[in-house]
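Okay, here's what each chain looks like letter by letter:
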Amino acid sequence: FILTGIPGLPMSSYWMALPLCCLYLLMLLGNCTLLWMIKTDHSLHTPMYYFLSMLAVADLGLSLSTLPTMLAIFWFESTSLCFEACIVQMYFIHSFSAIESGVLVAMAFDRFVAICYPLRYASVLTSSLIMKAGGAIFVRGVCVVLPVAILIKKMPFCGSHVLSHSFCLHQDVLRLVCGDVRVNSLYGLIAVILTKGLDSLTILLSYMMIIRAILNIVSQEARAKAFSTCISHLCAVLIFYIPLIGLSIIHRFGKHLPPLTHTLLADAYLLVPPVLNPLVYSWKTKQIRRRILVLLCRR
C-alpha cells in the first residue's frame, strides 16, 4: 500500500514532522508520568486511578500504533507499506481504540458508584472487580477486532493501492478491495456497535443517573463538588468520541469532501486523545496536580 501524508503539502515536510515529534514526545511524557505517579504514590491506589492507568496504557498503545508510519512519511519520505504490516497496524489501532472505549465505560461506572452509592463504593469496586473489568475490556478489544483483520486479509486487491491516511484504517483499506465486501462491511458495523455503540449508550445512561443523583443533593456546594469529580472523565469522553463520530460520518457520507478533511479528522481521532487526556487529568485532578507540584518543588 502507498500511504498519504497531508494533501497539498510536500511529502518531506520538516515543519510538519517537528510538531508531530513534539506531540508524540508530549504523549509519551504525559502518559508515562501518570503511570509512574499512580504506581509510586500509594494514596493514588484507588479504583479511579487504576482505571486512569488503564486509559494511559490504551492511549500509549493507540499512539505507538501510528508512530512508525507517521514519522517514516514525514522524516524519510517512506510511503510504501507491505500488506501484512498494514493489516497488523490496522488491527492494533482498532483494538486499542476499542480498549480505550471500554476503559471510558469503566470510568463512567466508577463515577456512577462514587456519586450514587458513596457508602458502598469501597465494597463494590474491589481490587478483584477492577482486575476482572480490565481483563474483560482487553479481551473484548482483542477478540472483536480479530475477525476484521482475518476477513480483510483474504480479500483481493487490484487497481489503486493508495490509502487516504498516514496509517491503515479498516474503512480506508476496504475501499481498495475489488471483490464483494458486504461481509466485511457488515462485520465492521457489528464490531463498531458491540464496542463504541454500546459503550457510548452505557456512558450516556450512567450520566443520566449521575445527573439525577446530583440534582437530588440539597446543598449547592455539595452539588458542585460532586459534579466537579466528573469533569475530567467528561472531557476524556468528548475528546475521544467527537473525532470518532466525525470520522465515521465522513467515511460513510462525506466522500465528496476534500481529502484534507478526512486526513485531519483521522489524525485528530488518533493523536488528540492520547495527548490531551494526561493534561486534562493533571489539571482537573487535585491529587495528581499536588503530586506534580511536589515533584517540581523537589527539583
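Up top is the structure these notes are about.
Just so we're clear, the structure is a prediction, and the values are computed from it rather than from any experiment.

A tally of helices and strands in the protein yields 10 helices and zero strands. Counting from the amino terminus, the protein carries its helices and strands in the arrangement α-α-α-α-α-α-α-α-α-α. Burial status across the protein gives 46% buried among its 299 residues. Partitioning the intrachain contacts of the protein with sequence separation of at least 6 by distance along the chain shows that 78% fall at a separation of at least 24.

Residue pairs three or four apart in sequence face the same way in an α-helix, which turns once every 3.6 residues. Helix length check: helix α3 (residues 83-116), at 34 residues, gives a terminal C-alpha distance of 49 Å against a target of 50 Å (1.5 Å per residue), a fit within 8%. Within α3, 26 of the 34 residues are buried, which leaves the element mostly enclosed by the surrounding structure.

Below, the discussion takes up the packing of aromatic side chains. Inspection of the entire model under this criterion finds nine aromatic pairs. Ring geometry for phenylalanine 109 against phenylalanine 112: centres 6.4 Å apart, planes inclined by 35 degrees, an arrangement best described as tilted. A residue pair is termed a helical-turn pair when its members lie 3 or 4 positions apart in one helix, as phenylalanine 109 and phenylalanine 112 do in helix α3 at three residues. The class for phenylalanine 112 is buried, based on a relative accessible area of 14%. Through successive ring pairs, a cluster of aromatic residues spans Phe1, Phe83 and Phe157. When the ring centre of tyrosine 117 is taken as origin, the NZ or CZ atom of arginine 120, which lies over that ring, is 5.7 Å away.

Evaluated as defined, the whole model comprises four salt bridges. We note a salt bridge from aspartate 199 to arginine 140, for which the minimum N-O separation is 2.7 Å. Here the residue aspartate 199 occupies a position in helix α7 (residues 182-215), and arginine 140 occupies one in helix α5 (residues 127-153), the gap between them amounting to 59 residues. Taking the relative accessible area as the measure of exposure, aspartate 199 reaches 5% and is therefore buried. We note a salt bridge from arginine 175 to aspartate 172, for which the minimum N-O separation is 2.8 Å.

Mapping serine 53 onto the fold places it in helix α2 (residues 47-76). According to the relative accessible area criterion, serine 53 is buried, its value standing at 16%. Polar contacts involving the side chain of serine 53 include one to the main-chain carbonyl oxygen of tyrosine 50, which spans 2.5 Å. The residues touching serine 53, leaving out its near neighbours within four places in the chain, are Leu35 and Ile38.

This part is about α5. Relative to the 39 Å expected for 27 residues at 1.5 Å per residue, α5 spans 39 Å between its end C-alpha atoms, a close match to the ideal helical length. Buried residues of α5: Ile130, Gly134, Ile137, Gly141, Val144, Val145, Val148, Ala149 and Ile152, and no others. Buried positions along α5 lie against α2, α3, α6 (170-174) and α7.

Calculation notes
Residues numbered from 1 in each chain as written. Predicted model: local features only at pLDDT ≥ 70, side-chain atom pairs only at ≥ 80, totals over all residues. Heavy atoms only, no water. Helix = DSSP H or I, 4+ residues; strand = E, 2+ residues; numbered from the N terminus. Buried < 20%, exposed > 50% of the residue type's maximum accessible area, 1.4 Å probe, protein only. Contact = heavy atoms within 4.5 Å. Expected span 1.5 Å × (residues − 1). Phe/Tyr/Trp six-rings, centres within 6.5 Å; stacked < 30°, edge-to-face > 60°. Lys NZ or Arg CZ within 6 Å of the ring centre and 35° of its normal. Salt bridge = Lys/Arg side-chain N within 4 Å of Asp/Glu carboxyl O. Polar contact = N/O pair within 3.5 Å; in protein donor to acceptor, adjacent residues only side chain to side chain.

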